[in-house]
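Summary of the model geometry
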Amino acid sequence: MAELETERPADMKEWSTADAVDRLLLTRRLEDYSAGARLALLPSLGSLAALIYTFRDQASLDVLFAWAAIQLIVLAIYVVLAARLDRKDATLEQLRRHWRRCMGLEIVRSANWAFITPYLAIFATGLDAVVLAAIAIANLCGSLLVHRTAPLAAGVRIGALAASIAVAVWIQVGSSGWPALVLLALFVIALGGSVREQNRQIISGAEAESGRREAADTVRMLLNDYEEQSSDWLWTVGPCGNLRDVSDRFATAAGKPVAELEGLPLINLFAPSKDRDRLARRLMERSPFRDLVLKLGAGDALRYWELSARPRSDGRMSGVARDVTGDRLIEERVAFMAHYDNLTGLANRYLFNERLRTALEDRARARDVVLFYLDLDDFKAVNDTRGHLVGDRLLREIGTRLEQEVRGQDLVARLGGDEFAVLLETRAGAGMLIERAHRFLAVIREPFELDGQVYRVSGSIGIAKRCEGECDAEELMRRADLALFAAKDKGRDTIALYDEAMDLASRERREIESDLREALSRGQLRLHYQPVMDLDSGEVAGYEALLRWYHPKRGVVTPAEFLDVAEETGMIVPIGEWVIRQALAETGRWEGNFRIAINLSPTQVRSPHLADVVAQAIHAHGISPKRVEFEITEHVLMQKGSVCASNLEKLRELGAKIALDDFGIGYSSLSYLRRFPFDRIKIDRDFVEGVELSADSQAIISSITRLADALGMATTAEGIETRAQLDLLRKLGCQEAQGYLICEPVPGDNFATSSAAKAAMNDEASGILDYRKAREAVMKQRPRRAS
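Now for a quick tour of the structure. All values reported here derive from a predicted model rather than from experimental measurement.

**Some thoughts on the sheet that holds strand β12 (residues 495-497)**
Taking strand neighbours across the sheet as the criterion, the 5 strands line up as β7-β8-β6-β11-β12 in an open arrangement whose pairing is mixed. The strands lining the two open edges of the sheet, one partner per strand, are β7 (411-416) and β12. The average undirected angle you get between the axes of adjacent strands in this sheet is 20°. Pairing geometry for strand β6 (residues 369-376) and strand β8 (residues 419-425), over 7 bridges, is antiparallel.

Below, the structure is given as structure tokens:
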């Protein structure tokens, strides 16, 4: 494009298409004419000399010299005109005028040659005639050389010389020379056609070249406008990969002067990388490429450029550069977020899983893979009391401490919340692994000082090591999770190493969960009832409904074996609702005015539908709400929020009673008595067991019964198994008793009638519950309590 631009005058940047074609055509004609004239100069001078020498004796020397003088004068005039014209800067009109002058000179030359040929034919004989014929024919054929792009001059010369040769032939041989004349005519026709074809080609060539130049100008204009308006920069390199024609915008973007960049290898701008090596290879091979991202600069001046280029026909390569620093930094940030934890900077679960899978796929490394799962103990309390900002800072500090305890090739990851994982590759045995876990716990136990406050936390760790046999990433993580679960079951700040027993327990739990989901629909759940006896009257005061699971393979399963699973999976809610409906349905058909006690789990008490379910069951089976008593543990009251308290109030509003079960074994049982007005306190079996031998237990039970009397609450002792326990509890002020001594839990059919209920009671219980004896024993104890 640069070469084409030099052919255009500086003061003529805009022409019409026709003028552009005319100028290009005239320029090409003049170039070809000048080139042909230079080539024909020596033959022309030789022809002049040859004719003068040959015919010096036959023809008039004055005529010969005059003829030669005309030829030389025409040649001199042409040389002067050509020297005075600068075709690159000449206007179109100047070129046309010069061309007309050249054509006029050619017409004069042609006429001069047309005169001399028949004149000399008069004198030519023998060898002289041969020389004259050769020169004439050579002049005629020379039209194709000198005038191939000047059809007017070619036509005049061909016509004039053909006529002069025909006259010369007639002079020499007369009418007998007609074959030569026919041959001359054919030759003239061929020459004329050749000149016409060459003229057509030069015209079409000029038009095509003009179109190419116009397209090149358009492209150049668009590229210049693109470079000025776009954020991209154009660049060009030579065959060796050195920068050429560096623009100001490219230099500004590169931060170097144009002079310094010109000739500099393009790859020297960029930092070493695989993409830079790829760029060097592409430049060397001169092959096109797209979207190569390269890095230049460092630190705060770090930038990323995206390069694309294609080879050119002149051996260079041109392309586009674009600053993609912002996009690249965003991509790197996204990649970081995809693989690393945003809070701690540790690997996240995705990267951890990838690293673990990669390690296990390598047979040589797989046997050394060890997982440590670490979970902080009661970290939620820190978040709740100190806020999430403090909690986040603690997590970052813990991550930093854990990283300081491992090697560079090991991986510490935050899996989410307050759960961390450490991936090691070691051949250490179980003892060394437990020692390593203790080091992890030790650094966590060290105090954290944040904003002048000291915080202490602990954690639990589960360890799983890749053993022989098949064990993929999912299985190893499952084992580590089981070990962590076992560690947390043992208490705070503990460690557990995976073994097969954990897997068996886990499988057992999964089987229970799977079977329990179908138990209700298959009718495998049933209720047993245990009587509660009034120690004053000796009558049955009520029954406690106790759930049993009649498993087809396991037999009768007690709640202790499956209620935890039901609670964790949420199945406790539908099961609990079934228990409420079934208990009221069954006991509603029994004889007697007793109460029915039903246990509620923490999850049940949180259910928004609890009060509605109870109300519907009471209404459906016609039981007085005062006969219905719900037993809860203090775990219900420990839950945050107002839902539990609201549901308990709704139950009280229905007329149902609320009892506090397992009283005395919690952290703050007395505070719960003040927070909620219970109707009954059930003394836990831990105090009843061995009470006849423990003065402490007796003192505690006595204190509980007195406290209950003061608060207007009834007391029931659970787990009574001996007559000695029963007699002592009566003396200590307990109002009701419940336990295997009286009756073990049995299906409800045993209590449907009064006679059936008496039959179900143990004989020993019937004998010891004589009303009068019980009354006397109670009366003997009360004076001492009052004193």
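Picking up after the structure, the text goes on.
**Structural notes on the side chain of Asp 410**
Turning to its location among the elements, Asp 410 is positioned in the loop between α15 (388-404) and β7. Residue classification places Asp 410 among the buried positions, given a relative accessible area of 8%. Beyond its immediate chain neighbours, meaning those up to four positions away, Asp 410 contacts Arg 355, Leu 423, Leu 424 and Glu 425.

**Regarding the pairing of strand β20 (residues 714-717)**
The alternating pattern of β20 places Ala 714 and Thr 716 on one face and Thr 715 and Ala 717 on the opposite face, and all of these are buried. Alignment of strand β19 (residues 680-683) against β20, held across 4 bridges, turns out to be parallel. Note that in β20 the partner of Ile 683 across the bridge is Ala 717. Of the strand pairs in this sheet, β20 and strand β21 (residues 736-737) are connected by 2 bridges, and their pairing is parallel. What sits directly across from Ala 717, in β21, is Ala 737. Between the parallel pair β20 and β21, the chain is carried across by helix α28 (residues 723-731), and the sense of this crossover is right-handed.

**Points about empty space enclosed by the protein**
The probe, sized like a water molecule, is rolled over the atoms to show the empty space still left. A complete count under the given rule lists 3 cavities of 30 Å³ or more for this structure. Taken as a whole, the largest cavity holds about 40 Å³ of empty space. Along its surface, the largest cavity is lined by Arg 355, Arg 365, Gln 409, Asp 410, Leu 411, Leu 423, Leu 424 and Glu 425. Of the residues assigned to the lining of the largest cavity, the class counts are 3 nonpolar, 1 polar and 4 charged.

Cut-off values and rules
Residues numbered from 1 in each chain as written. Predicted model: local features only at pLDDT ≥ 70, side-chain atom pairs only at ≥ 80, totals over all residues. Heavy atoms only, no water. Pairing = 2+ DSSP bridges. Helix = DSSP H or I, 4+ residues; strand = E, 2+ residues; numbered from the N terminus. Axes fitted to C-alpha atoms, helices over the stretch in contact; angles between N-to-C directions. Buried < 20%, exposed > 50% of the residue type's maximum accessible area, 1.4 Å probe, protein only. Contact = heavy atoms within 4.5 Å. Right-handed = clockwise from strand over helix to strand, strands pointing away. 1 Å grid on protein atoms, 1.4 Å probe; cavity = no way out; pocket = protein on both sides within 12 Å on 5 of 7 lines; lining within 4 Å. Points joined across faces, edges and corners; volume = space filled by probe spheres on them. Nonpolar A, V, L, I, M, F, W, Y, C, P; charged D, E, K, R; others polar.

Spatial relationships are all this shows, so hold off on functional conclusions.
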